[in-house]
Structure formats: structure tokens, C-alpha cells
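# Structure assessment
The chain contents come next:
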Amino acid sequence: MVSANTLCKKLLNVKSAVVEGADFYSDQDGVAHIRIKARPDRRHENDCPFCHRRCKRYDSQSGLPRIWRGLDWGGTLVEVECRTHRIECPVHGVLVADVPWAYLSNGFTKDFDLTVGWLATYLPRSTVSEYMRIDWETVGRCVHRTLNDIEPERSRRLDNLVNIGIDETSYKKGHKYITVIVNHDTNTVVWAAQGHGKGVLTQFYRQLTPQQLSSIRVVTGDGAK
Ligand SMILES: [Zn+2]
């Protein structure tokens, strides 16, 4: 049978980390929590959070414990606790060392962010907020981190456009508009902005490089001027 620490590490779904122990507790609302004490393994304990290179340790001692929220295990809230320290990267300077389970500077694990990001593509934000037990604004922040991880260079969506479509849609009973540009060849949204009409389209075309502009052959519209 596997040890409790190995089981915790498997369920957390993190490589390059060591689980040192776990405790259960209930908060004042009676919600059950499991707090897992973890740390990056020796090979990754001094990694830069930006470039992930191994760096020189800057602090001689570790700081106060930091907590990250992980995906729930059933109805139990999962937390990861780790004492972090700073490293000195020759490129990025003095920074808190990377932890393999989370994106830079936030209190959630990568799996948590990715799950919120996936749910938010199918469900209203209020439903995601209630189900994941996070506030409404946190849903947006999780989505942002997920997007930055999946597609760090969003401007690449504007490369090699050939057949594009312009869709102007109103919401709030016709009081507000949004303009969406789609790539018909990949069936994806490449750009969107609030408003409609010539001004918004000019905004879209102005950000394209001459090379990006030259590849466009067909532009379809939904009856807009
Ligand atoms: Zn670095």
C-alpha cells in the first residue's frame, strides 16, 4: 500500500515536489479542510518563477508559510502549505522561488486555475463561483492565468488570416454592442472589442502589421454597414 504522503502527492498531481505531511481541520463554518505540507524537491527548490532556471539561493532561512488552494477532494477543501524563500536570478533579479504546483504570485494551484478556466467556457461565471467556492472576481483571475499559460502570445491569432468574419452583437436590450472578429478557416474568435461600427473596425485593422493585413482575402459581415 502507498504511504499517505505518496497518495497526497498523486492526488495533488504535482511533479518535482515532496509532500512532508498533512493535517485535517474544520473552520468556524464547519467546513472540512486538509492542509498538505509540501516543498519543491532539491532539484527545483531554487528555480526562477519566470525562466525556471536553477538559481542561487538568496535568503539563508525560509519565510512564513504560504497557503495555496487546491482542487477539493470530495467535499473537503484542499490547501498546500509551503515555506518559501527568495532566489537571485541573473536575468530577473531577487524573487520568491518558484513552486511547481502554482503559477506565479497567486494563492491557487495550477489544477485549480485550469479547472476554473475550463468550467468558465461552458458555465456562467456565477455558477463557477458557487461550485468552486470562490468569489466572482477570482473566477476572472483564474481564467486569466489559464489563458496566459495556454496562449502566452495572443497576437499570433492575427497571423495568417485569410477568410474573416465580422459580427456585431448587441446586449443589454440593444444598449451595448460588441464586435467579434472570427477566423473562418479555424473557426475561432481572433479579436473582440466593445462597441461597433467604423471606429471599432479601424481599431482592429490598425493593430495588424502590413504582413498580417496582406494575407486577408475575404471579409464577411452580418449585415452591418
Ligand atoms: Zn529568471
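### Comments concerning the coordination of the zinc ion
Metal coordination angles in their ideal form are 109.5 degrees for the four-donor tetrahedron and 90 or 180 degrees for the six-donor octahedron. For the zinc ion, the full set of protein donor atoms is Cys48 (SG), Cys51 (SG), Cys89 (SG) and His92 (ND1), at a range of 2.1 to 2.3 Å. Classification of the site at the zinc ion as tetrahedral follows from its four donor atoms and the range of 104 to 115° in their angles at the metal. Sequence spacing of the donors to the zinc ion: C-x2-C-x37-C-x2-H. You can see Cys51 sitting in the loop between strand 2 (32–40) and strand 3 (56–57) and its partner His92 sitting in the loop between strand 6 (86–89) and strand 7 (93–96), a full 41 residues away along the chain. Note on Cys51: relative accessible area 32%, which makes it partly exposed.

### Observations concerning the pairing of strand 4 (residues 65–73)
Pairing of strand 4 with strand 5 (residues 76–83), which is carried by seven bridges, proceeds in the antiparallel orientation. The residue of strand 5 that forms the bridge with Ile67 is Glu81. The hairpin turn running from strand 4 into strand 5, its antiparallel successor, is two residues long, and Gly74 in that turn takes a positive phi close to 65°.

### Some remarks on the nonpolar core
One finds Leu12, Ile36, Trp68, Val80, Val99 and Trp101 to be the most contacted residues of the largest nonpolar core, which totals 15 residues. Contributions of two or more residues to this core are made by helix 1 (4–12), strand 1 (17–26), strand 2 and strand 5. Apart from the residues within four sequence positions on either side, Trp101 is in contact with Val14, Ala17, Ala38, Arg39, Pro40, Trp68, Val80, Cys82, Thr109 and Lys110. Counting 13 residues, the second-largest nonpolar core is a separate cluster that includes Ile166, Trp191, Ala193 and Leu201.

Calculation notes
Residues numbered from 1 in each chain as written. Predicted model: local features only at pLDDT ≥ 70, side-chain atom pairs only at ≥ 80, totals over all residues. Heavy atoms only, no water. Donors = N, O, S within 2.8 Å, 3.2 Å for Na, K, Ca; no water. Tetrahedral: all angles 85-135°; square planar, octahedral: opposite > 155°, others 65-115°. Helix = DSSP H or I, 4+ residues; strand = E, 2+ residues; numbered from the N terminus. Buried < 20%, exposed > 50% of the residue type's maximum accessible area, 1.4 Å probe, protein only. Pairing = 2+ DSSP bridges. Core = buried A, V, L, I, M, F, W, Y, C linked by side-chain atoms within 4.5 Å. Contact = heavy atoms within 4.5 Å.

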